[in-house]
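Observations on chain architecture
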Amino acid sequence: MSTDDNAHGHWPEGYARVVLDTVDSTMAEAARRAPDIERPTWIVAKTQTAARGRRGRPWIVPKGNLNATLIFRPEATAAEAAKRSFLAANALYHALSIYVPAEKLSLKWPNDVLLCGGKVAGILLESSGRGPFVDWLSIGIGVNLRHTPDGVTDASFAPTSLREEGGWEVAPLDFLATLADAYATQEAKLLRLGFDRIREDWMHKAARLGEVITASTGREEITGIFDSIDRDGNLVLITGTGPRAIPAADVYF
Ligand code: BTN
């Protein structure tokens with residue numbers, strides 16, 4: 001596998017990096033490379049021609065934004081592996097707060113990062129495996145560094161970008177180095193202190209905790225007070241009929 005070790009800035013030990021010019025999707029590229037992955041590998045592309053978002057939505061990729069996927073082999077069941085989205089969100093928060101005041105950032109369940117209330121970054125998880133553990137997990141991350149994408153019509157939150165909100169300019173590869181470091185720190189926290197520590201960090205940065213929000217599962221709309229994230233990563237709302245743990249939904253507020 002071709003990797004390059006000339007990462008911009010500090011690069012976390014044990015992680016590889018692949019830099020591509022154009023690719024259909026870094027998620028698709030990660031899946032193609034999965035059989036040969038020997039260590040956690042960040043795949044980053046300047047452009048994607050068929051980038052995908054959550055729930056089958058397209059992801060629009062103007063030049064100058066970050067398009068990256070981390071692929072690795074966690075010793076985890078699919079349910080445990082899915083909790084990595086919280087690690088990625090925490091890492092994004094830390095990385096972005098270098099370039100913009102942290103008070104402007106917040107996290108929206110399950111895996112969006114908001115800047116001044118607009119969506120600045122999205123996270124998409126994919127995994128594969130037949131045994132008790134996943135064979136591999138991919139964490140795809142798109143960050144609107146330079147441009148706010150046009151034509152996003154089906155998003156529950158309007159997109160924004162670091163530049164639009166007056167953040168410091170940062171090149172995608174420089175941002176990736178910061179993000180890769182922040183993500184490696186999250187993995188170390190998970191290993192030493194467990195998911196409770198990750199969950200606690202995430203909740204400190206959550207948008208609308210303690211306020212009334214609505215979760216749309218596709219089958220029903222559930223409105224309640226945003227109480228917490230439980231140990232399985234579910235959204236917990238206190239509704240008129242009691243607490244509800246919601247495994248998957250789009251959230252509106
Ligand atoms: C979302 O819908 O919020 C998730 C968006 C994830 C986009 C990123 S960009 C890098 C990686 N490659 C893709 O095709 N998608 C993810």
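Conventions adopted
- Residues numbered from 1 in each chain as written.
- Predicted model: local features only at pLDDT ≥ 70, side-chain atom pairs only at ≥ 80, totals over all residues.
- Heavy atoms only, no water.
- Helix = DSSP H or I, 4+ residues; strand = E, 2+ residues; numbered from the N terminus.
- Contact = heavy atoms within 4.5 Å.
- Pairing = 2+ DSSP bridges.
- Axes fitted to C-alpha atoms, helices over the stretch in contact; angles between N-to-C directions.
- Salt bridge = Lys/Arg side-chain N within 4 Å of Asp/Glu carboxyl O.
- Buried < 20%, exposed > 50% of the residue type's maximum accessible area, 1.4 Å probe, protein only.
- Near = heavy atom within 4 Å.
- Polar contact = N/O pair within 3.5 Å; in protein donor to acceptor, adjacent residues only side chain to side chain.
- Areas by Shrake-Rupley, 256 points an atom, 1.4 Å probe, with all protein chains shown as cover.
- Phe/Tyr/Trp six-rings, centres within 6.5 Å; stacked < 30°, edge-to-face > 60°.
- Lys NZ or Arg CZ within 6 Å of the ring centre and 35° of its normal.

1. Overview of the environment of isoleucine 246
- Relative to the helices and strands, isoleucine 246 resides in strand 11 (residues 242–246).
- When the C-alpha positions of isoleucine 246 and serine 216 are compared, they lie 9.7 Å apart, and in sequence the two are 30 residues distant.
- In this structure, isoleucine 246 is in contact with Trp109, Ala215, Thr217, Ile222, Asn234, Leu235 and Leu237, ignoring residues within four places of it in sequence.

2. Structural notes on the sheet that holds strand 10 (residues 235–239)
- Strands sit in the order 11-10-9-8-12 across an open sheet of five strands; the sheet is antiparallel. One side of each edge strand has no neighbouring strand; the edge strands of this open sheet are strand 11 and strand 12 (250–252). Within this sheet the neighbouring strands show an average axis-to-axis angle of 45°, counted without direction.
- Where strand 8 (residues 212–216) meets strand 12, three bridges bridge the pair, whose relative direction is antiparallel. Each residue of the ladder has a partner; that of serine 216, found in strand 12, is aspartate 250.

3. Overview of the pattern of salt bridges
- By the definition in use, this model includes 19 salt bridges.
- Among the ionic pairs, lysine 83 bridges to glutamate 80, the shortest N-O distance being 3.2 Å.
- Overall, glutamate 80 belongs to the partly exposed group, its relative accessible area being 38%.
- Residues joined by salt bridges that share partners form a network here, namely Asp24, Glu29, Arg32 and Arg33.

4. Description of the site of the ligand
- Around the ligand sit 20 residues in total, of which Ser25, Gln48, Arg52, Arg54 and Lys119 are the nearest.
- Between the ligand and glutamine 48 there is a distance of 2.8 Å, counted from a nitrogen atom to a side-chain nitrogen or oxygen.
- Within the backbone of arginine 52, a nitrogen or oxygen atom sits 2.7 Å from a nitrogen atom of the ligand.
- Here the ligand, which alone exposes 410 Å², has 98% of that area covered by the protein.

5. Comments concerning the packing of aromatic side chains
- Tallying each qualifying case throughout the model produces five aromatic pairs.
- With a centroid separation of 5.8 Å and an interplanar angle of 65°, the aromatic rings of phenylalanine 86 and phenylalanine 195 are classed as edge-to-face. Taken together, the residues span a long stretch of sequence, with phenylalanine 86 in helix 3 (residues 84–96) and phenylalanine 195 in helix 5 (residues 195–204) at a distance of 109 residues. Taken individually, phenylalanine 86 and phenylalanine 195 each receive the classification buried, so the pair is uniform in this respect.
- Residues tyrosine 99 and phenylalanine 175 carry aromatic rings whose centres are separated by 5.9 Å and whose planes lie at 50° to one another, so their mutual orientation is tilted. Remark: phenylalanine 175 occurs in helix 4 (residues 172–193) and tyrosine 99 occurs in the loop between helix 3 and strand 4 (105–108); sequence separation between them is 76 residues.
- For tyrosine 99, a relative accessible area of 14% gives the class buried.
- Look at phenylalanine 175 and you get buried, because its relative accessible area is 0%.
- For the cation-ring pair, arginine 17 lies above tryptophan 11, with the distance from its terminal atom to the ring centre recorded as 5.9 Å.

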